[in-house]
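Chain and residue survey
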Amino acid sequence: RFDAVIGHNALIDLDDKAAAATLIEDLLAPSGAVSLAERIPRHTQRLYNLADLAELDAALAERVRAAEEAIYADAGDALVNWDAEDLAVAWTDAGMTVEWGTADETTEVRVTAGLLDRWFASAGEGRPSYARRLAAELSADEVAQVQELFRRQLLNQVVPWRSRTVY
């Protein structure tokens, strides 16, 4: 039994966060405490807000926005299908008293060639890239237009990166 469990993004990739909460609660001593900081991917920076999409056809720009928003609305994706309230419910259901709050944060990120390559990878292991997600709604030529726009506008730029963390 543990007196305390402390974690940072310990649950973020888990498919069943409620099961993890129950497991952790079972490992705690009767007076034990859990302290977590979990970034909420659903509330992360949208890439379309980093670039000036006005250079694209207006209809294409709107489809880019919609395709990216669909990434964060995917109910089947355990990385984005939860919010702070969902975690609070999971811990309450596990028998814990929950005190929580969120903080919005902004950091600076340099958009490197490597980062752009990851965003626009056409294939790879694990999670689909941004380009692969866009390709669900856009043609290959349209994804290429977005990639060129991002490369032209963002390469080697330092951009504000917004995120939300639940504590």
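Check the entry above for the structure.
These notes cover the structure that comes with them. (Residues numbered from 1 in each chain as written. Predicted model: local features only at pLDDT ≥ 70, side-chain atom pairs only at ≥ 80, totals over all residues. Heavy atoms only, no water.)

A word on the packing of helix 1 (residues 17-27) against helix 3 (residues 84-93)
Where helix 1 meets helix 3, the axes come as close as 8 Å, and the angle between the chain directions of the two elements is 40°. As the angle between them shows, helix 1 and helix 3 are arranged oblique. Seen from above, helix 1 lies across helix 3 with right-handed handedness. Residue-level contacts link Lys17, Ala18, Ala21 and Ile24 of helix 1 to Leu87, Ala90 and Trp91 of helix 3. (Axes fitted to C-alpha atoms, helices over the stretch in contact; angles between N-to-C directions. Helix = DSSP H or I, 4+ residues; strand = E, 2+ residues; numbered from the N terminus. Parallel < 35°, antiparallel > 145°, perpendicular 65-115°, else oblique. Left-handed = near helix turned anticlockwise from the far one by under 90°. Contact = heavy atoms within 4.5 Å.)

Some details on the pattern of salt bridges
If you walk through the whole model with that rule in mind, you get 11 salt bridges. The salt bridge partner of Glu142 is Arg63, with a shortest N-O separation of 2.7 Å. In this pair, Glu142 is assigned in helix 6 (residues 140-154) and Arg63 in helix 2 (residues 58-72), connecting sequence segments 79 residues apart. Arg152 is the salt-bridge partner of Glu148, the closest N and O atoms lying 3.5 Å from each other. Taken as a pair, Glu148 and Arg152 lie in helix 6 at a separation of four residues, close to a single helical turn. (Salt bridge = Lys/Arg side-chain N within 4 Å of Asp/Glu carboxyl O.)

Some points on helix 2
With 15 residues, helix 2 should reach 21 Å at 1.5 Å per residue; the first-to-last C-alpha distance of 22 Å fits that figure. Among the structural elements, helix 5 (130-134) and helix 6 are those in contact with the buried residues of helix 2. (Expected span 1.5 Å × (residues − 1).)

Digging into the sheet that holds strand 3 (residues 102-110)
Adjacent strands of a sheet pair through backbone hydrogen bonds, lying either parallel or antiparallel. Pairing within the open sheet is mixed, and its four strands lie in the order 1-2-4-3. The sheet is open, and its two borders are formed by strand 1 (2-8) and strand 3, each paired with just one other strand. In this sheet, adjacent strand axes meet at a mean angle of 20° when their direction is disregarded. Two elements, strand 3 and strand 4 (residues 158-166), share nine bridges in a ladder whose sense is antiparallel. Residue pairing in the sheet places Glu105 in a bridge with Ser163 of strand 4. Against the sheet, helix 1 contacts strand 1 and strand 2 (28-39), and its axis sits at roughly 145° relative to strand 2. (Pairing = 2+ DSSP bridges.)

Digging into the pairing of strand 4
The pairing of strand 2 with strand 4 spans two bridges and is antiparallel. Directly across from Arg39, in strand 4, lies its bridge partner Thr165.

Details of the nonpolar core
Core analysis: the biggest nonpolar cluster contains 46 residues, and Leu53, Val64, Trp119, Phe120, Tyr130 and Phe150 have the highest contact counts within it. With residues up to four places along the chain from it excluded, the contact list for Leu53 reads Tyr48, Ala61, Val64, Arg65, Leu149 and Phe150. (Core = buried A, V, L, I, M, F, W, Y, C linked by side-chain atoms within 4.5 Å. Buried < 20%, exposed > 50% of the residue type's maximum accessible area, 1.4 Å probe, protein only.)

Observations concerning the pairing of strand 1
The sheet contact formed by strand 1 and strand 2 spans six bridges and is parallel. Across the sheet, Phe2 pairs through a bridge with Leu28, a residue of strand 2. Taken together, strand 1, helix 1 and strand 2 constitute a β-α-β crossover, and its handedness is right-handed. (Right-handed = clockwise from strand over helix to strand, strands pointing away.)

Quick word on the layout of surface pockets
Its boundaries defined by the atoms lining it, the largest pocket holds a volume of some 670 Å³. In terms of lining residues, the largest pocket is bounded by 27 residues, among which Tyr72, Trp119, Arg127, Pro128 and Tyr130 are the most central. Elements represented by at least two residues in the lining of the largest pocket include exactly helix 2, strand 3, helix 4 (113-119), helix 5 and strand 4. Tallied by class, the residues present in the lining of the largest pocket amount to 13 nonpolar, six polar and eight charged. The volume enclosed by the second largest pocket comes to roughly 330 Å³. Every residue lining the second largest pocket is counted, 17 residues in all, and those nearest its centre are Val34, Trp91, Val98, Glu99 and Tyr167. Of all the secondary-structure elements, those providing two or more residues to the lining of the second largest pocket are strand 2 and helix 3. (1 Å grid on protein atoms, 1.4 Å probe; cavity = no way out; pocket = protein on both sides within 12 Å on 5 of 7 lines; lining within 4 Å. Points joined across faces, edges and corners; volume = space filled by probe spheres on them. Nonpolar A, V, L, I, M, F, W, Y, C, P; charged D, E, K, R; others polar.)

Structural measurements only, silent on function.
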